[in-house]
Amino acid sequence: GPQACFAAEMQMNKLAEALKIDPVELRLRNTIQEGQPSSVGTPLPKGISIEKAIAACAERAGWQKRPDGWRRTGKPYHDPSGELARGIAFTCGYKNVGFSFGAPENCWAKVKLEGKDEIEKVVVYHAGAEVWQGAHSVFVQIAANEVGVPVNKVELVASDTAVTGNSGSVSASRMTFMAGNAILGAAKEALARWQEEERPAEGEYIYKPPATTPFDPLDGHCTPNFAYGYVAEAVEVLVNKKTGKVSIEKVICADDVGKAVNPKQVIGQIEGAIVQATGYSLIENFVQDKGQVKTDSLATYLIPTIMDIPGEIESIILEEPDPIGPLGARGVGEMPYLPFAPAVASAVHDAVGVWYDAFPLTEERILKGLGEL
């Protein structure tokens, strides 16, 4: 995903420059529409919101919509010493939610309601792993919301193979979407049995999303995914032309997550992805020679520290409901990561006038592009 987005978004910004069209305007002229076939011959699932993500991010980053199209405002940065140059660039992308291209996709959940005259306790059984993205909090929140009890009445039994069924992996930006739908289904079933006076009342449900299909071997026709999330980013950089150092001054990231079940966790996901992408774009330089890894420790393969991360991150949460998402939710996980590297590379071009088609944008690579090495 990130590698393909780098190629596509770099091309979009190069096309915009060659055609003398603002990069935001060029994208908005070419966004895919509901029902329009994609490159694999099928339309994207309903709920396309890429235009709204682009517009929200662009407006916050200083673009304006005028009668003749979108234009960036503000004057280029000028450094009297000639050493520093500031640039800004815009990119966007979309990310599948869930397994793709015909891979079997399902998610199990069970909900038990305990009490006599009223629901005193809700027990949610789910195998989804917590890898500190906040999934378990989301499981509890969705169950509490559906059953109509405070979150402190919900107990989660998670990742216990003795009592939980298959959840699928914590990947593909899928856990809120898949687990949420499974928990909603189980909660509805449990509530129906509660109304029939069952005590305790249990509901068990396996959520199966719309089917996807692999590439047709003859023409590539397929239905690759059942849901997507949409993202747009603007990145401002400061380039030291003497040392080659690129500093990320500000990032504005607009993500349509469908429904922010836990907004603070969504912001955490966005900021975490951007910090990770900063390392990917600037300093995580994997080097091997004749099959031997040369950057085999944290002394040689650098990851971002507090001194390397962006100076400011502004997260914009959009909530355009996905038609089949739980409470309208999509996903967020990888979305902020996807368009980040091309935004940085294009911002460096905006600053110094050089296109860099490879990354990470280390000091050495920047200086070579400037003809200093």
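Here the structure is shown first, and the text comes after it.
Described below are features of the structure shown in this document.

Scoring rules and cut-offs
Residues numbered from 1 in each chain as written. Predicted model: local features only at pLDDT ≥ 70, side-chain atom pairs only at ≥ 80, totals over all residues. Heavy atoms only, no water. Helix = DSSP H or I, 4+ residues; strand = E, 2+ residues; numbered from the N terminus. Buried < 20%, exposed > 50% of the residue type's maximum accessible area, 1.4 Å probe, protein only. Contact = heavy atoms within 4.5 Å. Phe/Tyr/Trp six-rings, centres within 6.5 Å; stacked < 30°, edge-to-face > 60°. Lys NZ or Arg CZ within 6 Å of the ring centre and 35° of its normal. 1 Å grid on protein atoms, 1.4 Å probe; cavity = no way out; pocket = protein on both sides within 12 Å on 5 of 7 lines; lining within 4 Å. Points joined across faces, edges and corners; volume = space filled by probe spheres on them. Nonpolar A, V, L, I, M, F, W, Y, C, P; charged D, E, K, R; others polar. Salt bridge = Lys/Arg side-chain N within 4 Å of Asp/Glu carboxyl O.

With that settled, the discussion passes to the environment of Cys92. Summarising the element assignment, Cys92 is placed in strand β3 (residues 84-96). With relative accessibility at 9%, the residue Cys92 sits in the buried group. For the pair Cys92 and Val231, spaced 139 residues apart in the sequence, the C-alpha separation amounts to 5.6 Å. Excluding residues within four positions of it along the chain, Cys92 makes contact with Cys5, Glu9, Arg27, Ile50, Ile54, Val231, Ala232 and Pro339.

As a further point, take the packing of aromatic side chains. Tallied over the entire structure, the rule returns nine aromatic pairs. With a centroid separation of 5.0 Å and 45° between ring planes, the pair formed by Tyr280 and Tyr337 is classed as tilted. Note that Tyr280 is positioned in helix α6 (residues 263-283) and Tyr337 in the loop between β12 (312-318) and α7 (340-352), a separation of 57 residues in sequence. Both residues of the pair, Tyr280 and Tyr337, count as buried. Pairing Tyr280 with Phe359 gives two aromatic rings, centres 4.9 Å apart and planes at 65°, and the pair type is edge-to-face. Here Phe359 lies in the loop between α7 and α8 (363-369) and Tyr280 lies in helix α6, a separation of 79 residues in the sequence. For Phe359, a relative accessible area of 23% corresponds to the partly exposed category. Three or more aromatic residues joined by ring pairs make a cluster, and in this case those are Phe6, Tyr280, Tyr337 and Phe359. When the ring centre of Tyr125 is taken as origin, the NZ or CZ atom of Lys110, which lies over that ring, is 4.7 Å away. For the cation-ring pair, Arg174 lies above Phe99, with the distance from its terminal atom to the ring centre recorded as 4.5 Å.

Another point: empty space enclosed by the protein. Under the definition given, this model contains one cavity of 30 Å³ or more. As a volume, the largest cavity reaches approximately 40 Å³. Among the residues forming the lining of the largest cavity, the class breakdown is five nonpolar, four polar and no charged.

Let us look at the pattern of salt bridges. All chains considered together, the criterion is met by 21 salt bridges. Note that Glu197 and Arg199 form a salt bridge whose closest N and O atoms lie 3.7 Å from each other. Looking at Glu197, the relative accessible area reads 59%, which means it is exposed. We classify Arg199 as partly exposed; its relative accessible area is 32%. Within the structure, one salt-bridge network assembled from shared partners comprises Arg60, Lys250, Glu312 and Glu314.

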